[in-house]
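# Structure assessment
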Amino acid sequence: MYFFTYETDLAENVGFAHFGPIHLIWLAVIMLGIALLTGYFREQSETKQRSLSKVLAWTMCGILTIEHVILLMTGHQTIYQIPLHLCTLMPVVCVIFAYTQWDWAGQTIYSLGIVGAALALLFPDWNMYPQWNYMNLTGFSIHTGLILFGVWQLVGGYVRPRMKAMWKPVLFLIVVVPPVYLIDRWLGTNYFFLMEGAPGSPLQVMQEQLGSAYIPAYAGLALVVITLEYLPWIGKSKRPART
């Protein structure tokens, strides 16, 4: 009934609550699925692992493409649906990494893609949608795919996080965020959640508490999180990533 319905046309109270029963079931199924698929991936040859990574990367891009085709067909493709969020840019980075093994892409997927997708799954901003809706299904599938892709690269040895490479995801943000911020200011959008935090998320609390200091605090928080992600790898194996 609601599969192609956009949020502006939804009835009230058809979505799900953060950490309510439906959300918790999604999270449990996602964790189990990632564990099982990672176990399968670990047992495959290097050639098969690379093929699986390419298939997953292209599948995420395909899902996003289908979403935008539906938005166009239903008349809901607007400036608010441009793929400029971190998690809609990451599938392209995954495709790049799957074919090139470029370290900057791998480090970015590890430090930004996995944690960004995990936070999106914990605090989904699409929870106004009912379960059998393309936006809900896309939201859960894309973010699950990003975590799965990142975990696969880690267990396969294709990405080896190291502190001296931390500048690569930081540089990615330095290059990408300023133009996205300008677009947000120009169009009145909220990509990367630079204008306001996602409803019900820690970013929303931070914005409400800090006001005009939200963006500097957001930048500082991102740097702290990235640093924390790299700290456990200090002193680990110095073997290079598989190429």
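The text that follows walks through the structure, step by step, so that each part is easy to find.

## Looking at the pattern of salt bridges
As enumerated under the stated definition, the model contains three salt bridges in all. Among the salt bridges present, the one from D103 reaches R162, with a minimum N-O distance of 2.8 Å. Remark: R162 occurs in the loop between α5 (134–155) and α6 (167–187) and D103 occurs in helix α4 (residues 103–122); sequence separation between them is 59 residues. Measuring nitrogen to oxygen at the nearest pair gives 2.6 Å for the salt bridge that ties K168 to D103. Taken together, the positions of K168 in helix α6 and D103 in helix α4 put the pair 65 residues apart, joining distant regions of the chain. Overall, K168 belongs to the buried group, its relative accessible area being 18%. Within the structure, one salt-bridge network assembled from shared partners comprises D103, R162 and K168.

## Here's the deal with empty space enclosed by the protein
Left-over empty space is what a probe sized like a water molecule reveals as it rolls over the atoms. Going through the model one piece at a time under the given rule, you end up with one cavity of 30 Å³ or more. A volume near 30 Å³ is recorded for the largest cavity. If you go around the largest cavity, the residues you meet are R50, S53, A98, Q101, Q153 and Y158. Residue composition of the lining of the largest cavity, grouped by class: two nonpolar, three polar and one charged.

## A few points about the packing of helix α1 (residues 21–42) against α5
In the contact formed by α1 and α5, the axes pass within 10 Å of each other and the chain directions differ by 35 degrees. Every pair of crossing elements has a handedness; the one defined by α1 and α5 is right-handed. On α5, the residues that touch H23, W26, I30, I34, L37, T38, F41 and R42 of α1 are N136, L137, F140, T144, I147, L148, V151, W152 and V155. Here the contact of α1 with α5 is built from residues that sort into twelve nonpolar, four polar and one charged.

Rules used in this analysis
Residues numbered from 1 in each chain as written. Predicted model: local features only at pLDDT ≥ 70, side-chain atom pairs only at ≥ 80, totals over all residues. Heavy atoms only, no water. Salt bridge = Lys/Arg side-chain N within 4 Å of Asp/Glu carboxyl O. Helix = DSSP H or I, 4+ residues; strand = E, 2+ residues; numbered from the N terminus. Buried < 20%, exposed > 50% of the residue type's maximum accessible area, 1.4 Å probe, protein only. 1 Å grid on protein atoms, 1.4 Å probe; cavity = no way out; pocket = protein on both sides within 12 Å on 5 of 7 lines; lining within 4 Å. Points joined across faces, edges and corners; volume = space filled by probe spheres on them. Nonpolar A, V, L, I, M, F, W, Y, C, P; charged D, E, K, R; others polar. Axes fitted to C-alpha atoms, helices over the stretch in contact; angles between N-to-C directions. Left-handed = near helix turned anticlockwise from the far one by under 90°. Contact = heavy atoms within 4.5 Å.

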